[in-house]
Amino acid sequence: MKIALWLKAAFVFSVVLYAAVAVFVAGAPAWDRPAYPEGSPFAVPAVVLSALSLVLWAGGWILGRRRKPWGPFSSAPRPWPLQRFILAAALVEGGAVLGLALALLLRDSRYALAHAFVSALLLIFLPGEERGD
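Residues numbered from 1 in each chain as written. Predicted model: local features only at pLDDT ≥ 70, side-chain atom pairs only at ≥ 80, totals over all residues. Heavy atoms only, no water.

Draft legend 1. Here's a closer look at the overall build of the protein. Assigned secondary structure in the protein consists of 4 helices and 0 strands. Reading the secondary structure of the protein in the N-to-C direction produces α-α-α-α. Looking at the protein alone, contacts between residues at least 24 apart form 82% of all its contacts between residues at least 6 apart. As displayed, the protein offers around 7,500 Å² of accessible surface, 75% of which is attributable to carbon and sulfur atoms. (Helix = DSSP H or I, 4+ residues; strand = E, 2+ residues; numbered from the N terminus. Contact = heavy atoms within 4.5 Å. Areas by Shrake-Rupley, 256 points an atom, 1.4 Å probe, with all protein chains shown as cover.)

Right, dumping it as structure tokens:
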């Protein structure tokens with residue numbers, strides 16, 4: 001049974017739910033507004049949350065492609081490919097969570113939709129346990 005395949009579907013579904021929650025709570029996306037909230041007091045947190053999302057996405061993508069375990073995972077009883085996938089997927093999903101926080105902070109669901117889209121794409125292409133190491 002491909003556990004990673006089921007987990008991947010669950011992670012993608014949760015990312016889609018974050019976008020749906022943002023649209024429900026913050027309203028429809030305001031595509032006519034500028035992308036950067038210049039006059040908002042939350043302009044700096046918006047940049048920080050977006051940068052953290054990039055770091056989480058990059059970390060998840062790099063970890064998802066790591067061939068050998070390291071540190072505390074080197075002697076773990078479960079197979080490394082499944083551990084790698086779960087940790088990498090959690091990092092990638094974290095970018096969508098930050099997008100939801102950003103959308104709720106700025107009351108604009110565009111940010112959650114964009115972060116959810118990127119997270120879902122990365123999750124779909126993240127290698128699961130079927131990759132031979």
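Draft legend 2. Structural detail: the pattern of salt bridges. Considering all chains together, one arrives at 2 salt bridges under this definition. With a closest N to O distance of 3.8 Å, Arg-33 and Asp-108 form a salt bridge. Taken together, the residues span a long stretch of sequence, with Arg-33 in the loop between α1 (3-26) and α2 (43-64) and Asp-108 in the loop between α3 (80-106) and α4 (110-125) at a distance of 75 residues. Arg-110 is the salt-bridge partner of Asp-108, the closest N and O atoms lying 2.6 Å from each other. Judged by relative accessible area, Arg-110 falls into the buried class, the value being 10%. (Salt bridge = Lys/Arg side-chain N within 4 Å of Asp/Glu carboxyl O. Buried < 20%, exposed > 50% of the residue type's maximum accessible area, 1.4 Å probe, protein only.)

Draft legend 3. Inspection of α1 at higher detail. Taking 1.5 Å per residue as the helical rise, α1 with its 24 residues ought to reach 34 Å, and the 34 Å between its terminal C-alpha atoms agrees with that figure. Within the sequence span of α1, burial applies to Ala-4, Lys-8, Phe-11, Val-12, Ser-14, Val-15, Ala-19, Ala-22 and Ala-26. Residues of α1 that are buried make contact with α3 and α4. Backbone geometry just after α1 places Gly-27 at a positive phi near 95°. (Expected span 1.5 Å × (residues − 1).)

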